[in-house]
Structure formats: structure tokens, C-alpha cells
Amino acid sequence: MPRILTILGVLGIWGALLSQGLSAGTEPTMADALKRVRVLAIPETGRPVDRTVAEEMRRGLVPRAEIKAFGQSRAEGSGVFRIAVADEKLAAGPAPEALRRAGGKSWMFLKLGPDGSGELSASAPHLLYALYALLKDDWLPLAAAGFETGRVVVPRFSRLEGGDNYLANPKRVAAGYDAEASVRELARLGFSHVPVNALAKDMPAEQGPPGEIYYRFYYFSPDLDQFVETPLNAGAYSPEYLAANLALLKENARLAVKYGLTPGLNISSPRSVPDSVLEKYPYLRGARVDHPFRSYRPRFTLTLSHPAVRWHYAELMRGLMREVPELGYIYLWTNDSGSGFEYTASLYAGRNGGAYLVREWKSHEAIAKAAAENVLRYFRTLRDAAAETRPDFRLLFNLFSFSNEEGFILDGLTEGLDLWVAPKELDDSPRGRRLKALAARGSEIFTTTRLQNNFLLGIPSPWLAADEVRGLQASGFDKAQVTVDPAPLAPYDVNRDVLRALNFDPDSDIDTVVTAAAVRLVGNEGAPALVKAWRLCDAAVRGFPPIMLYGDNNWGFPWYRLLVRPFAPDIEKIPEAERAYYEKYMTVTFNNPNLVDLGTDILWTLMTREQADAAVAQADRATWKPLDEAIGVLGGAAGRETGGTRSVLVDQLDRLRALRSYFRTLRNTAVWVAGVHGFIEAADPAEKERRRAMVREMVDDEIANARDLAALFESSKTRFMPIEPTGETFNMYGTNLPELIHKKISLMEAHRNDEPRIDPDFMWRLPSGTGLDPRVYLKYR
């Protein structure tokens with residue numbers, strides 16, 4: 001009898017909604033129930049995200065409701081719907097027993113009664129917008145009765161840090177990118193933290209001697225001194241430069257906070273300082289941190305072992321926190337891109353540093369210990385200075401740069417100093433157990449993954465994305481850095497749907513998630529073709545081999561201009577003036593062997609002939625069949641559809657066509673290495689001829705591939721790659737890409753039949769005009 005009364009009571013209450021257009025026998029939905037909301041209540045002294053959610057909810061779901069701010073007393077009454085974070089005390093949140101059953105400290109809670117009263121609340125600011133998006137995008141058709149006592153959602157990741165690879169990146173200027181739309185999408189997915197620091201100017205202030213390209217490495221992850229200054233470095237950068245960078249930082253932080261995310265800094269630090277600072281304080285010179293092969297002028301940091309320098313960095317941190325108090329963390333990358341710590345072993349120039357840390361003739365272990373203590377002291381300096389403004393501020397770093405100093409650093413980690421590790425490192429080995437034990441000392445452990453191609457946009461591989469996310473979950477990580485494509489440039493990206501589903505429901509069936517995404521985009525009739533194409537593309541992406549430096553996990557693809565440089569059998573035979581159109585944007589010096597050998601970069605062998613042969617065989621075996629079939633499926637489906645459905649299918653088709661061109665260029669890079677090096681190495685005449693034929697076939701294929709890409713670029717409305725609208729840079733191609741591709745084609749046609757050759761002495765050459773004849777000094781090589 002009590003159960004019957006409850007059911008009758010619920011039906012009686014919802015019966016009042018029949019007058020609003022429901023027919024008898026129709027169960028009220030959440031969309032129906034929202035019609036009775038009259039007041040959207042937010043905290044009087046709440047966060048910006050409270051109002052963001054309230055305004056979007058009023059605009060999209062409850063246009064007749066008004067937004068009212070309430071003080072400490074809880075807003076109650078019929079039609080009053082509360083929106084708040086738990087610590088703002090406006091909303092009740094889930095009952096302790098419900099939260100215990102849900103099994104998590106982070107939670108989202110939605111409750112809606114038949115009279116329009118209820119709440120949308122969360123344990124943390126970043127979950128508030130994510131919960132609103134679940135309501136708007138997923139729950140409106142559901143039965144409202146299921147929400148009368150509230151529904152609790154526990155995210156899989158307690159902290160999801162990362163971003164779109166554009167907001168805090170030079171690619172933020174790419175055509176079509178919209179910072180706010182992208183941050184809004186990150187909030188919808190459940191991200192909690194996002195880096196916001198980028199340079200406002202076209203290029204960094206760092207410069208060098210004529211012909212040097214090292215300044216380009218300062219374009220990324222700007223350090224603290226690119227935003228504020230102290231008396232120690234006053235005047236090192238122009239006030240206009242600092243003001244512009246700070247203004248952009250504030251705007252990006254504002255966007256993050258608007259949607260409940262914690263803004264942070266992704267810095268390369270401690271970075272070199274301008275020569276003018278060291279000329280003023282020569283006794284404060286620290287480590288040489290540049291790469292000797294990539295730079296023409298040494299770069300030095302300030303010596304962190306001197307208290308004046310530590311004061312300087314503490315003041316920079318305090319000054320930045322005064323300007324942007326919302327900042328909540330730093331991710332620090334070091335010993336690369338003009339940054340590094342004194343006497344650490346992985347400095348490009350070797351262990352070196354200032355006058356105050358290590359005396360002569362110390363053992364390697366003693367030097368490593370002193371270097372590690374210096375690193376930890378810097379980490380604590382930044383953390384403690386920031387904590388004066390924000391007590392929960394954290395600093396995150398990885399051990400990649402500290403292999404020789406690792407043990408000493410691990411021993412010194414304390415609260416607020418967090419560690420990034422690769423997923424496989426958190427295993428049951430002695431080292432893995434040591435890493436796991438850091439949590440007891442207040443150090444949190446993070447890992448990372450990428451659910452996108454590092455060059456192309458919106459490449460669908462949802463089952464691979466699911467494997468990546470589930471792999472993190474299986475390894476025990478609840479804190480991760482994840483990179484996804486920006487929504488403005490990849491509006492139909494199914495990989496983001498997968499991340500969202502697994503974050504809010506780790507047991508989600510991925511086939512169901514993918515099918516639902518396809519139905520949402522193209523309807524029930526178009527969905528089977530779209531799902532089939534996605535699965536085939538997923539297989540192609542899995543099957544394609546890694547191509548070191550150039551492949552999608554590296555920055556090298558645009559830096560080495562593979563789309564526009566000619567894959568000629570003897571690159572050096574092309575006159576220097578005819579190569580200049582692409583060489584000036586390559587991230588190489590004049591004597592980098594990569595200019596004439598796709599298999600090397602400075603002193604690195606990127607790919608041996610054997611590795612290149614294997615990569616070509618794998619690509620041909622595992623990639624083209626599923627990718628070509630996917631393209632055919634989408635082409636046929638697009639031809640049968642019209643309107644919005646056709647637009648989505650064409651968008652996906654063009655991205656797969658771009659992927660095919662990208663993969664073919666990478667594959668042909670490997671063929672170049674296999675063919676040219678194989679020709680040079682071969683002693684057998686028949687093998688030489690086979691390798692020569694391989695190179696010529698590659699040239700013909702890359703010419704056809706280049707024509708396909710140029711035609712796609714000129715005809716497609718899909719933004720399948722980042723484009724710099726004001727002109728190409730080393731990091732992005734410009735709108736003149738087709739013109740440059742046609743130059744590549746012409747040069748390859750002209751040099752197709754050249755004999756394969758690589759000058760083994762290319763690295764030893766001096767620039768023309770030095771007055772030295774190579775024939776004189778090369779005998780001493």
C-alpha cells in the first residue's frame with residue numbers, strides 16, 4: 001500500500017502539468033518540468049560560473065525565469081531552482097547516503113521537483129557547467145520523475161587538465177579559432193584546469209644573430225618574466241610587450257573562470273634572460289641552456305643558487321598572482337627551448353652553471369644531489385610565493401629532464417609539488433611503488449594522453465580514444481592531462497564525445513556512444529554510414545606506423561615543411577635559391593643535415609633504412625585499405641544527402657581525404673629514407689636499381705598526393721588543418737599553401753631522375769662567404 005500511494009502521489013503532482021499541453025498518459029519529461037521554473041537562484045557572492053550557467057539556462061531552457069542572487073539564507077519555494085557550488089552554501093547537494101553509494105568525492109547533483117523547484121549543484125566549480133550541459137544535451141527527453149529526489153553523477157577524473165593545443169599556443173591565431181567557444185567545450189567535457197599563458201605578439205622578444213632560428217623555440221610556454229618584471233630585470237622587455245602579454249593572459253584566465261575552470265601556466269623555466277640583464281649582473285650568470293647545434297649565440301639563465309635570484313622569481317610569481325589571482329597551478333617544462341637548471345645532466349651543453357652551487361672536482365653523485373636540491377628549492381619558491389595569494393596553488397613537473405637527479409628529487413617532494421609520469425610508469429616495480437607512495441607526502445601523480453592528431457583537426461578514432469582513456473583508468477589514474485581538438489575547428493569531433501562519456505560514466509558502451517553521436521549529427525538514416533566510416537578510419541589510424549619526429553606525436557611535421565618541400569632524390573642538387581621558399585621557415589640551421597637528408601636531424605638518426613622499410617610495409621599493409629573504404633563510404637553517403645546532414649558528411653569526408661594526404665606524405669618520407677639510403681648503401685647493382693626505382697615511384701606518388709592536397713585545400717570549406725591567415729610561419733602554413741605545393745611539384749618533376757645522393761660532409765660546411773674553401777679544411781674531418 002505505501003508503494004502504491006507513492007506512485008499515485010507522484011502522478012497526482014505531475015497531473016498539474018497536463019494543462020501545459022501534455023496529453024493524458026504521457027509521462028512528463030525534464031523539458032516539461034523546466035517550464036515551471038520561475039527563479040534561477042545564484043549565490044550573492046558566488047563565482048562567475050554560477051551566473052554563466054544561469055544565463056545560458058535562461059536563454060536556452062527557461063526563458064520566462066528570472067535570475068536572482070541570494071545571500072546566506074537558502075532560496076526556497078515553488079519554481080525556485082538553485083545553481084551553486086557546494087561551498088557557496090546555497091544548494092543542499094546530495095544526501096550523504098546517496099553520495100556514499102555513488103562512491104566519489106567529486107560529484108554533480110541535479111534535482112527537479114514537479115513544482116519547478118530544485119537545484120543544479122556540484123562539488124567543484126568546473127563541474128557546474130558540465131552538469132548544465134548534461135541537462136541541456138542529454139537529459140531533457142528523460143522522465144522527470146527520475147530526478148525528483150535527485151540524480152548524482154561522479155566524474156571518473158577528479159582533475160582533468162589539458163586543453164585544445166590552441167588557447168595557450170601560437171596556433172591561437174589560426175583562422176576560425178574562437179577562444180571562448182573552445183573553453184566552453186572544455187567545460188562541457190568536464191575539464192577542470194587549462195593553461196592560459198601565450199604571447200600576444202607575432203613573435204617572441206628573443207632574437208639572435210642573422211640566420212639563427214633559435215628564437216622560435218621561445219614562442220612556446222612563456223616564462224614568468226614575459227608578463228611582469230622586478231627591479232632586477234626592469235627594462236629587459238618593453239612595457240608594451242609585457243602589457244600585451246599580460247592582457248592576453250588576463251583575458252584567457254577570465255574565460256576559464258567564466259566556465260568554472262582553473263587557469264594555470266605552462267612554462268619553460270627557468271629560461272634564459274636577455275644579455276642586457278647579464279651585462280648588468282655578470283656575477284648572477286647561471287647555466288648555459290641553449291642547444292649548441294640550433295643556436296649561434298649562447299643563452300644563460302640567472303643562477304638560482306643566489307638568494308637575489310630566488311627573490312626575483314618569488315617577486316615575479318607574487319606580481320603575476322596580484323595581476324591574475326585566479327591562477328591555480330604551474331606546469332613546468334625545463335632543460336629545453338632555452339630553459340634549464342644548473343648542473344643537471346641533461347642540459348644540451350652538459351652540466352654547467354653559476355659560481356655558487358658546485359665547486360670543482362666533485363663526484364657525479366654530489367653534483368646531482370646539489371643540482372636536485374637547487375631544483376626543489378626553485379619549485380618551493382614558486383609554490384610558496386603563489387600560495388600567499390592562493391593557498392591551494394600547485395606546481396606540476398615531469399622527471400624527463402632529471403634522469404640523473406631523479407632519486408634526490410623524489411626524496412624532496414612535498415605538498416603541492418606534483419609529478420607527471422607516463423601511464424606505464426605507475427606499475428608494481430620498485431620505482432612504480434615509490435611513485436605511488438608520493439601521495440602520502442602530498443604529491444599528486446598525473447599522466448597524459450592525446451585524443452587528436454597533433455597536426456590535422458577532427459580525425460575520428462573513437463575506439464582508439466576509448467582505449468586511451470580506459471588505459472588511464474585501468475592504471476589507476478584519476479588525474480590526467482588530455483589534449484582534444486578545439487570545437488570551433490572540429491565541430492563534429494566524436495573523440496570528444498568518447499572522453500565525455502567515459503568521464504561521466506566509466507562503464508559506457510562505446511559502440512552506443514558512437515552511434516548516438518552519429519544519430520545526433522546525421523539522423524538515424526545517415527548514422528550507419530558515418531559509424532562505419534569512423535570505424536574504418538579508426539583502424540587506419542591504428543595501423544599507421546610512427547614516423548619519428550615527423551609523425552602526429554611530434555611537432556616536426558610543420559617545422560620541417562614536409563607538405564611543401566620537394567622529396568627529390570638528391571635534394572642538394574636543387575639550386576639554393578629555388579629551395580629558399582621553404583627552407584627559410586624550417587626549424588633548422590644552415591648546416592643541419594636534415595636539409596638534404598630526411599632521415600637525420602642534427603646528430604640524430606631519425607630512421608634507419610631498415611626502420612624505413614618496415615614503416616613503409618606497415619603503412620601499405622594496414623592503412624590504405626580501411627582509409628580508402630572509409631572515404632568511399634562517406635563519399636557515397638554525402639552524394640545521397642542534402643542540407644545539414646550532407647554538410648556533416650562532407651566535413652568528415654574532407655578530413656579523411658586530408659588524413660590520406662598527410663599519411664601519404666609521411667609514408668613517402670619513409671620511402672625517401674629507405675630508397676635513397678638503400679641506394680647509397682647497396683653494393684649489388686640489382687639492389688641499387690631496385691632502390692632507384694623505389695625513389696622514382698615515391699616521387700611520382702608524392703607529386704600525385706601533392707596535387708590532391710592542393711585541390712582539396714582550394715575546394716574544401718572544412719578547416720582540416722591550422723592556417724595562419726596573415727602569412728605562413730615556422731609553426732603553421734598560410735593561405736598560400738597551394739602555391740607552395742605547386743612549387744614542390746615543379747621541383748620534383750624537374751629532379752625526378754636525379755641519382756640518389758646525400759653529401760656525407762654537409763654538416764661540416766661553413767656558410768658561403770666565409771672565404772674558406774671546403775676542399776682545404778674537409779681533409780681534417
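Residues numbered from 1 in each chain as written. Predicted model: local features only at pLDDT ≥ 70, side-chain atom pairs only at ≥ 80, totals over all residues. Heavy atoms only, no water.

Undergrad: Whenever I open this one, the environment of Lys 424 confuses me. Can you help?
TA: The residue Lys 424 is located in the loop between β14 (417-420) and α12 (430-436) in this model. Residues Lys 424 and Ser 475, spaced 51 residues apart in sequence, show a C-alpha to C-alpha distance of 7.7 Å. (Helix = DSSP H or I, 4+ residues; strand = E, 2+ residues; numbered from the N terminus.)

Undergrad: Help me understand the packing of helix α20 (residues 643-681) against helix α21 (residues 685-715) in this model?
TA: Between α20 and α21, the least distance of the axes is 9 Å, while the angle of their chain directions is 160°. By the angle between their directions, the pair α20 and α21 is classed as roughly antiparallel. Note that α20 runs across α21; the crossing there is left-handed. A per-class count over the contact of α20 with α21 returns 13 nonpolar, 6 polar and 11 charged. (Axes fitted to C-alpha atoms, helices over the stretch in contact; angles between N-to-C directions. Parallel < 35°, antiparallel > 145°, perpendicular 65-115°, else oblique. Left-handed = near helix turned anticlockwise from the far one by under 90°. Nonpolar A, V, L, I, M, F, W, Y, C, P; charged D, E, K, R; others polar.)

Undergrad: Honestly, the environment of Thr 600 in this entry has me stumped. Any pointers?
TA: You can see Thr 600 is positioned in strand β17 (residues 600-601). In sequence terms Thr 600 and Phe 477 are 123 residues apart; their C-alpha atoms lie 36 Å from each other. Those residues in contact with Thr 600 that lie beyond four places of it in its chain are Pro 593, Asn 594 and Leu 606. (Contact = heavy atoms within 4.5 Å.)

Undergrad: Just to check I follow, could you spell out the pairing of β14 for this structure?
TA: Consecutive residues of a regular strand have side chains that alternate between opposite faces of the sheet. Pairing of strand β13 (residues 394-398) with β14 involves 4 bridges; the strand directions are parallel. Residue pairing across strands places Leu 396 opposite Asp 418, the latter belonging to β14. With respect to chirality, the unit in which β13 leads through helix α11 (residues 406-412) into the neighbouring parallel β14 is right-handed. Relative to strand β15 (residues 445-450), β14 runs parallel, the two being bridged by 2 bridges. Residue pairing in the sheet places Trp 420 in a bridge with Phe 446 of β15. (Pairing = 2+ DSSP bridges. Right-handed = clockwise from strand over helix to strand, strands pointing away.)

Undergrad: Hey, could you run me through the packing of helix α6 (residues 179-189) against helix α14 (residues 494-504) in this one?
TA: The geometry of a pair of packed helices is captured by two quantities: the angle between their axes and the separation between those axes. Contact geometry of α6 with α14 gives a least axis separation of 9 Å together with a crossing angle of 35°. Mapping the contact onto sequence places Glu 185, Arg 188 and Leu 189 in α6 and Arg 496, Asp 497, Leu 499, Arg 500, Asn 503 and Phe 504 in α14. Partitioned by chemical class, the residues of the contact of α6 with α14 number 3 nonpolar, 1 polar and 5 charged.

The values are spatial; any link to function lies outside them.
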